[in-house]
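What follows is each chain in one-letter form.
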Amino acid sequence: MRLVLILSIALALVISGCSNAPQKKSSSDLSTQDLSPIGSQSGAIQHSLDDPDVAVLWTRAELAREEKQFAEASFHIEQALRVIPDDPVLWSRLAELQMLQEETVLAENYAAKSNALASDNRPLQHRNWLIIQHARDKRGDVLGAREAQVEVRNLSEE
């Protein structure tokens, strides 16, 4: 009888551990993996740049981001955007960096700008909608977060 009770409790714990209930994340829990498209092997944005000056700025930004120096990383991306203002990947990275600094309105705006420039880059659009969803969720915009979640789902299915 005692064995049955123990097995029942163990089974209940296993089942509850498989629950799909969303978990709250703090801003420190946000990572590029959280924002990467579904099926992506890595959360890192891969970006090929023709301009050597922008490539240097990108590298500096990535090094700063890895060291959690988000303001410095943002500065380098902003400099790169002065050279290539219509680069959707740069805008997306800037959106992520703003999200990591709790600047949710800027993060959402930059992700939307990236989407406007991304045309048919569906993985980037998916990632941007994840940023938008996260920003809206952090601000308590439940309806807006749900709308963004629908966009994420639509981009995931196609």
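Conventions we followed
- Residues numbered from 1 in each chain as written.
- Predicted model: local features only at pLDDT ≥ 70, side-chain atom pairs only at ≥ 80, totals over all residues.
- Heavy atoms only, no water.
- Helix = DSSP H or I, 4+ residues; strand = E, 2+ residues; numbered from the N terminus.
- Contact = heavy atoms within 4.5 Å.
- Salt bridge = Lys/Arg side-chain N within 4 Å of Asp/Glu carboxyl O.
- Buried < 20%, exposed > 50% of the residue type's maximum accessible area, 1.4 Å probe, protein only.
- Axes fitted to C-alpha atoms, helices over the stretch in contact; angles between N-to-C directions.
- Parallel < 35°, antiparallel > 145°, perpendicular 65-115°, else oblique.
- Left-handed = near helix turned anticlockwise from the far one by under 90°.
- Nonpolar A, V, L, I, M, F, W, Y, C, P; charged D, E, K, R; others polar.

Caption draft 1: Focus on the environment of Leu57. Mapped onto the elements of the fold, Leu57 is located in helix 3 (residues 52–66). Separated by 21 residues in sequence, Leu57 and Glu78 have C-alpha atoms that sit 9.1 Å apart. Not counting residues up to four positions away in its chain, the partners in contact with Leu57 are His76, Gln79 and Ala80.

Caption draft 2: Seen up close, the pattern of salt bridges. Per the stated rule, a full pass over the model turns up seven salt bridges. We note a salt bridge from Arg65 to Glu62, for which the minimum N-O separation is 2.9 Å. Here Arg65 and its partner Glu62 are both found in helix 3, three residues apart, which amounts to about one turn of the helix. What makes Glu62 buried here is its relative accessible area of 12%. The salt bridge involving Arg139 is made with Glu108; its shortest N-O contact spans 2.4 Å. Placement of Arg139 in the loop between helix 7 (122–138) and helix 8 (142–157) and of Glu108 in helix 6 (residues 104–118) is noted, with a sequence separation of 31 residues between them. A cluster of three or more residues bridged by salt bridges with shared partners is formed by Glu62, Arg65, Arg93, Glu96 and Arg127.

Caption draft 3: Geometry of the packing of helix 3 against helix 4 (residues 70–83). Contact pair helix 3 / helix 4: the axes reach a minimum separation of 7 Å and the direction vectors enclose 165°. By the criterion of interaxial angle, the relationship of helix 3 to helix 4 is roughly antiparallel. Considering only the axes of helix 3 and helix 4, their crossing is left-handed. For the pair formed by helix 3 and helix 4, the contact residues are Val54, Leu57, Trp58, Arg60, Ala61, Ala64 and Arg65 on the first element and Phe70, Glu72, Ala73, His76, Ile77, Gln79, Ala80 and Val83 on the second. Considering only residue class, the contact of helix 3 with helix 4 consists of 10 nonpolar, two polar and three charged.

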